[in-house]
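Listed here are the chains, written in short residue letters.
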Amino acid sequence: MAKNKKDDKNLSYSELVTKRNELKKQYMDLRFQMVVGHVDNPLQKRTMRREIARLNTLIHQQDLENFRKAAAEAIAK
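Read on for a plain summary of the structure. (Residues numbered from 1 in each chain as written. Predicted model: local features only at pLDDT ≥ 70, side-chain atom pairs only at ≥ 80, totals over all residues. Heavy atoms only, no water.)

**What to know about helix H2 (residues 13–36)**
Here is step 1: Between its terminal C-alpha atoms H2 stretches 35 Å, which fits the 34 Å expected from 24 residues at 1.5 Å a residue.
Here is step 2: When we look at burial in H2, the residues that qualify are Leu16, Arg20, Leu23, Tyr27 and Leu30. (Helix = DSSP H or I, 4+ residues; strand = E, 2+ residues; numbered from the N terminus. Expected span 1.5 Å × (residues − 1). Buried < 20%, exposed > 50% of the residue type's maximum accessible area, 1.4 Å probe, protein only.)

This is the structure we're talking about:
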């Protein structure tokens, strides 16, 4: 999993958003399975939630970076 974290930092903004959306869908499916039936690994829910939060952080960091670049360009004009 540590390797996965390093790989995520190198993804583009659109790739991060796509990966987060896929994880959110998987998380919702897992929640549904936990309510309806049996899940083999109940801790998977926690790890998925944390991975989604980590991706949200990376997305937010890129948003801030783009905002700062745009603000610097606007001031330079």
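**Looking at the environment of Thr47**
Here is step 1: Among the structural elements, Thr47 can be located in helix H3 (residues 44–76).
Here is step 2: Taking relative accessible area as the criterion, Thr47 reaches 38% and is therefore assigned partly exposed.
Here is step 3: For Thr47 and Asn4, which are 43 residues apart along the polypeptide, the C-alpha to C-alpha distance reads 13 Å.

**Quick look at a nonpolar patch on the surface**
Here is step 1: Taken together, the side chains of Phe32, Val35 and Val36 make up a nonpolar region of the molecular surface, amounting to roughly 360 Å² of accessible area.
Here is step 2: Within the secondary structure, Phe32 is located in helix H2.
Here is step 3: Residue class for Phe32 comes out exposed when judged on its relative accessible area of 57%. (Patch = residues over 30% accessible without salt bridge, like charges linked within 9 Å, V, L, I, M, F, W, Y side chains within 5 Å. Areas by Shrake-Rupley, 256 points an atom, 1.4 Å probe, with all protein chains shown as cover. Salt bridge = Lys/Arg side-chain N within 4 Å of Asp/Glu carboxyl O.)

**Overview of the pattern of salt bridges**
Here is step 1: Applying the stated criterion across every chain, the model contains 5 salt bridges.
Here is step 2: For the salt bridge of Asp29 with Lys25, the shortest nitrogen-to-oxygen distance reads 3.5 Å. Highlighted residues: Asp29 and Lys25, both in helix H2, separated by 4 residues, approximately one helical turn.
Here is step 3: By relative accessible area, which is 55% here, Lys25 ends up exposed.
Here is step 4: We note a salt bridge from Glu51 to Arg54, for which the minimum N-O separation is 3.8 Å.

**Section: the environment of Asn10**
Here is step 1: Here Asn10 is to be found in the loop between helix H1 (2–9) and H2.
Here is step 2: Sequence separation of Asn10 and Ala72 is 62 residues, and the distance between their C-alpha atoms is 24 Å.

**Side note on the environment of Arg50**
Here is step 1: You can see Arg50 is positioned in helix H3.
Here is step 2: Along the sequence, Arg50 and Gln62 sit 12 residues apart, while their C-alpha atoms lie 19 Å from each other.

**Thoughts on the side chain of Arg54**
Here is step 1: Relative to the assigned elements, Arg54 resides in helix H3.
Here is step 2: The class of Arg54 is buried, set by a relative accessible area of 19%.
Here is step 3: At 2.8 Å, the side chain of Arg54 and the side chain of Asp8 are in polar contact.
Here is step 4: Sequence-distant contacts of Arg54, that is, excluding residues within four places in its chain, are made with Lys5 and Asp8. (Polar contact = N/O pair within 3.5 Å; in protein donor to acceptor, adjacent residues only side chain to side chain. Contact = heavy atoms within 4.5 Å.)

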